[in-house]
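The chain contents come next:
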Amino acid sequence: MARIKPQALLLQSKKKKGPSGVSVNTIIVCILIVAVMVFSLYSTYRYWFRRSIVQTQDDLSTSKAIERKKSDIPKYALISTSKGLITVELYKDGSPDIVDEFIDFSQKGHFKEMQFIRVIKDSVIHGSKVERPEATEEWTLRGKHYSQLDPSLKHEAFMLGTSKVKHEGGGFDLFVTTAPIPDLNDKINVFGRVIKGEEVVQEIEEVDTDDHHRPKTRVQINEVTLKQRT
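Conventions and cut-offs
Residues numbered from 1 in each chain as written. Predicted model: local features only at pLDDT ≥ 70, side-chain atom pairs only at ≥ 80, totals over all residues. Heavy atoms only, no water. UniProt positions renumbered as here; feature names shortened; annotations may be inferred. Patch = residues over 30% accessible without salt bridge, like charges linked within 9 Å, V, L, I, M, F, W, Y side chains within 5 Å. Areas by Shrake-Rupley, 256 points an atom, 1.4 Å probe, with all protein chains shown as cover. Salt bridge = Lys/Arg side-chain N within 4 Å of Asp/Glu carboxyl O. Helix = DSSP H or I, 4+ residues; strand = E, 2+ residues; numbered from the N terminus. Buried < 20%, exposed > 50% of the residue type's maximum accessible area, 1.4 Å probe, protein only. Pairing = 2+ DSSP bridges. Core = buried A, V, L, I, M, F, W, Y, C linked by side-chain atoms within 4.5 Å. Contact = heavy atoms within 4.5 Å. Expected span 1.5 Å × (residues − 1). Arc of directions from axis to C-beta.

Per an unreviewed UniProt entry, the recorded name for the protein chain is Peptidyl-prolyl cis-trans isomerase, and the organism is Nicotiana attenuata. In its Catalytic activity (unreviewed entry) section, UniProt records this for the protein chain: "[protein]-peptidylproline (omega=180) = [protein]-peptidylproline (omega=0)". Its UniProt record gives the protein chain the following Function (unreviewed entry) comment, quoted word for word: "PPIases accelerate the folding of proteins. It catalyzes the cis-trans isomerization of proline imidic peptide bonds in oligopeptides."

Undergrad: Describe a nonpolar patch on the surface, listing the residues and the values that go with them.
TA: A cluster of nonpolar side chains, namely Y42, Y45, F49 and I53, defines an oily patch on the protein surface of about 430 Å² accessible area. Here I53 lies in helix α2 (residues 24-72).

Undergrad: Account for the pairing of strand β3 (residues 114-120), naming residues and giving values.
TA: For β3, the buried fraction is high: 6 of the 7 residues fall into the buried class. When β3 meets strand β8 (residues 220-227), the two strands line up antiparallel, connected through 2 bridges. Along β8, the bridge assignment pairs Q115 with Q220. Of the pairings in the sheet, the one linking β3 to strand β4 (residues 124-128) comprises 5 bridges and is antiparallel in character. Note on β4: the bridge partner recorded for F116 is G127.

Undergrad: Give me the lowdown on the nonpolar core, citing residues and values where you can.
TA: If you look at soluble globular proteins, the nonpolar side chains tend to sit buried side by side. If you look at the biggest cluster of nonpolar residues, it comprises 30 residues, and the most contacted ones within it are F102, F111 and F191. Once you skip the residues sitting within four places of it in the chain, F191 turns out to touch E89, L90, Y91, S95, I98, V99, F102, L160, G161, T162, F172 and L174. In this structure, I120, F175, L184 and I188 belong to the second largest nonpolar core, which totals 8 residues.

Undergrad: Describe helix α3 (residues 96-107), with residues and values.
TA: Spanning 12 residues, α3 covers 16 Å between terminal C-alpha atoms, matching the ideal 16 Å at 1.5 Å per step. Regarding α3, the residues found buried are I98, V99, F102, I103, F105 and S106. Along α3, the residues classed as buried sweep out an arc of 165° about the axis, all on the same side. Exposed residues lying more than 90 degrees from the buried face of α3 are D97 and Q107. Looking at the packing, one finds that the buried side of α3 touches β1 (76-81), β2 (84-90), β5 (159-163), β6 (174-177), β7 (188-196) and β8. Once α3 finishes, G109 follows within two positions and takes phi at roughly 80°, a positive value.

Right, dumping it as structure tokens:
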């Protein structure tokens, strides 16, 4: 029998040996890696999904709160005076900051017992707790001219406004026009109009005044009540 050389035996053993198999440990490691990746992805998905739900709920809550806040804003002011009641529609959309300030002063009782310190016929009635003659000086000079104006002018009578000049101490005065004023916005910040009680405004306008347009008898605002509806 012929003897097989050692080199031939080595080659023959290599041919018979099959491919090396993957170890169990390697398979387990791969499975663990895949499981960790899947778990991480699932956890990330759940986190962002829950966050989106919470964010949506917060947005809805905020939106509802804003809607409730808007619906709670008074649209009308009932000004009770010693001559009668004046109902004013507030221009919240046109003058939001002024209306907010007026509402704040009303809720604090600022207008209680406020006097009409100037009454200028065919021009304005002016209520204030601060005596400032210069505030009505220009109105006095033009009062007669205003009474001759076309009533179809944009700035008509019975508009409610406040002075553009801030008072010391943070006061808030009121002007109600009794005639069309062409340059009204140059004089005051308009934030409403009288919708009921025009005859009360006219009655105040007719009171006797001195040479400085100060009423000879006390005419005042008793209180201001804010309403959603008239």
